[in-house]
Amino acid sequence: MGKQRVLSGVQPTGNLHLGNYLGAIRNWVEIQSQYENYFCVVDLHAITAPHTPATLAQDTYTIAALYLACGIDLQHSTIFIQSHVTAHAELTWLLNCITPLNWLEDMIQFKEKAVRQGENVNVGLLDYPVLMAADILLYDADKVPVGEDQKQHLELTRDIAARVNHQFGKEKSPVLKLPEPLIRKEGARVMSLTDGTKKMSKSDPSELSRINLLDPPDAIVKKIKKCKTDPMRGLVFDDPERPECHNLLTLYQLLSGKTKEAVAAECQEMGWGQFKPLLTETTIEALKPIQDQYKEIMGDRTHLEAVLREGREKAATIANATLNRVKTAFGYSLPL
């Protein structure tokens, strides 16, 4: 048997931050050789909320370059841009026509985001999970890395695939493969710098809530200096009354490469005035190799475009084969 295939994607909405890196990408870099990986920059998803047309293309290339700068290895992984493979949009339409509306209306993320968008909520936001299902199903993915906030979307993907197989497939010849969740390793849940009870997020309106991978040293100094703390001296992990303390110690532990026990011993007598400069220096030092690699990649645009062109061709070959399989099952004639 060959390696299992994995599909994962990131939206080009804003920069990648420490939560994206420590919570997902760094862990994936460590185990990528175990799988056949397809990493997609999901730019079609990016327009389900208001976006800036002038920067969409550049943001898309930024995310692709950051994948490489963080250590995604092209020997084990394919990187491509979602909108460059038209099968994503076409399969979404086919799946739309067999997906019950109430399945989408029950999605928790839709309910939460629709409240924020008010009367301007768009059909794309409602339909986002069907596009996500198409992303996954096109590549016959065996596994999909998911966090808590995406589990419901993967369950919907499995429900849609099962519905297609029931209506259009045969018992021993299903049309679509049902993907399984790949639960990420615990221990790298990075929280907001302004609220230790909430995850670090690109959608947070405050830039002070997150450290982006491409933040220059002066921005990192400012953000850590202003991050929320408490008035207590002595820093400890796992105190539910001190979520910010736990979060900042965890950041230091992950970025320094030290054990939790070593960090607890080092910081138990510290005050914030002593700890914040230590965290700042460690963060700047940890991000420098990524930033240097990113600058090198972006400085050779021809090479980056070649990587994405090769990725598109490889992805499109698999995606179009799946799309044609679905279209045939639905009764369409294929182009001669």
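Residues numbered from 1 in each chain as written. Predicted model: local features only at pLDDT ≥ 70, side-chain atom pairs only at ≥ 80, totals over all residues. Heavy atoms only, no water.

In the nomenclature of an unreviewed UniProt entry, the protein chain is known as Tryptophan--tRNA ligase of Laspinema olomoucense D3b. The Sequence similarities (unreviewed entry) comment attached to the protein chain in UniProt states, word for word, "Belongs to the class-I aminoacyl-tRNA synthetase family." (UniProt positions renumbered as here; feature names shortened; annotations may be inferred.)

Draft legend 1. Main features of the overall build of the protein chain. In terms of regular secondary structure, the protein chain is built from 12 helices and 5 strands. The C-alpha radius of gyration of the protein chain comes to 22 Å, within 12% of the 20 Å expected for a compact globule of 336 residues. Expressed along its principal axes, the backbone C-alpha trace of the protein chain runs to roughly 70 × 45 × 45 Å. Taken across its 336 residues, the protein chain has 49% of its residues classed as buried. (Helix = DSSP H or I, 4+ residues; strand = E, 2+ residues; numbered from the N terminus. Rg over C-alpha atoms; globule rule 2.2 N^0.38 Å. Buried < 20%, exposed > 50% of the residue type's maximum accessible area, 1.4 Å probe, protein only.)

Draft legend 2. Broad picture of the pattern of salt bridges. Per the stated rule, a full pass over the model turns up 15 salt bridges. In this structure, D238 engages K260 in a salt bridge whose closest nitrogen and oxygen atoms are separated by 2.7 Å. Placement of D238 in the loop between α8 (217-226) and α9 (243-256) and of K260 in helix α10 (residues 260-267) is noted, with a sequence separation of 22 residues between them. Owing to a relative accessible area of 30%, K260 belongs among the partly exposed residues under this scheme. When the shortest N-O distance is used, the salt bridge between R301 and E305 registers 3.5 Å. Taken together, the residues R301 and E305, both in helix α12 (residues 301-330) and 4 residues apart, mark about one turn of the helix. Residue classification places R301 among the partly exposed residues on the basis of a relative accessible area of 30%. (Salt bridge = Lys/Arg side-chain N within 4 Å of Asp/Glu carboxyl O.)

Draft legend 3. Local environment of the UniProt feature "binding site: L-tryptophan" (unreviewed entry) in the protein chain. Cross-referencing UniProt, the feature "binding site: L-tryptophan" (unreviewed entry) maps to D135 in the present numbering. Relative to the helices and strands, D135 is located in helix α6 (residues 123-137).

Draft legend 4. Local environment of helix α2 (residues 53-69). Taking 1.5 Å of rise per residue, 17 residues should cover 24 Å, and α2 covers 25 Å from first to last C-alpha, within 8% of that figure. Here α2 has its buried residues at T60, Y61, T62, I63, A64, A65, L66, Y67, L68 and A69. Where the residues of α2 are buried, they touch β1 (5-10), β2 (36-41), β3 (77-81), α11 (272-298) and α12. G71 sits one or two positions beyond α2 and adopts a positive phi of about 115°. (Expected span 1.5 Å × (residues − 1). Contact = heavy atoms within 4.5 Å.)

Draft legend 5. Spatial organisation of the packing of helix α3 (residues 87-96) against α12. Axis separation between α3 and α12 bottoms out at 10 Å; the angle between their running directions is 25°. Taken together, the axes of α3 and α12 are roughly parallel relative to one another. In this structure, the crossing between α3 and α12 has a hand that is left-handed. For the pair formed by α3 and α12, the contact residues are A87, E90, L91 and L94 on the first element and A319, N320, L323, V326, K327 and F330 on the second. Across the contact of α3 with α12, the residue classes break down as 7 nonpolar, 1 polar and 2 charged. (Axes fitted to C-alpha atoms, helices over the stretch in contact; angles between N-to-C directions. Parallel < 35°, antiparallel > 145°, perpendicular 65-115°, else oblique. Left-handed = near helix turned anticlockwise from the far one by under 90°. Nonpolar A, V, L, I, M, F, W, Y, C, P; charged D, E, K, R; others polar.)

Draft legend 6. Geometry of α9. A rise of 1.5 Å per residue sets the reference length of α9, with its 14 residues, at 20 Å; its end C-alpha atoms lie 20 Å apart and thus fit the reference within 8%. Among the 14 residues that make up α9, 11 are buried, leaving the element largely enclosed by the rest of the structure. Looking at α9, one finds that the buried residues are E244, C245, N247, L248, L249, T250, L251, Y252, Q253, L254 and L255. Elements that come into contact with the buried residues of α9 comprise α1 (18-31), α10 and α11.

Draft legend 7. Examining unusual backbone geometry more closely. One non-glycine residue, D140, lies in the positive phi region at around 50°. Among the structural elements, D140 can be located in the loop between α6 and β4 (143-146). Overall, the relative accessible area of 19% leaves D140 in the buried class. With a phi angle near 65°, D238 is a residue other than glycine that sits in the positive phi range.

Draft legend 8. Fine view of the packing of α2 against α12. At a closest axis distance of 11 Å, the pairing of α2 and α12 adopts a crossing angle of 85°. The angle between the axes of α2 and α12 places the two elements in the roughly perpendicular class. Each of Q58, Y61, A64, A65 and L68 in α2 lies in contact with α12, whose residues at this interface are R301, L304, E305, V307 and L308. Here the contact of α2 with α12 is composed, by residue class, of 7 nonpolar, 1 polar and 2 charged.

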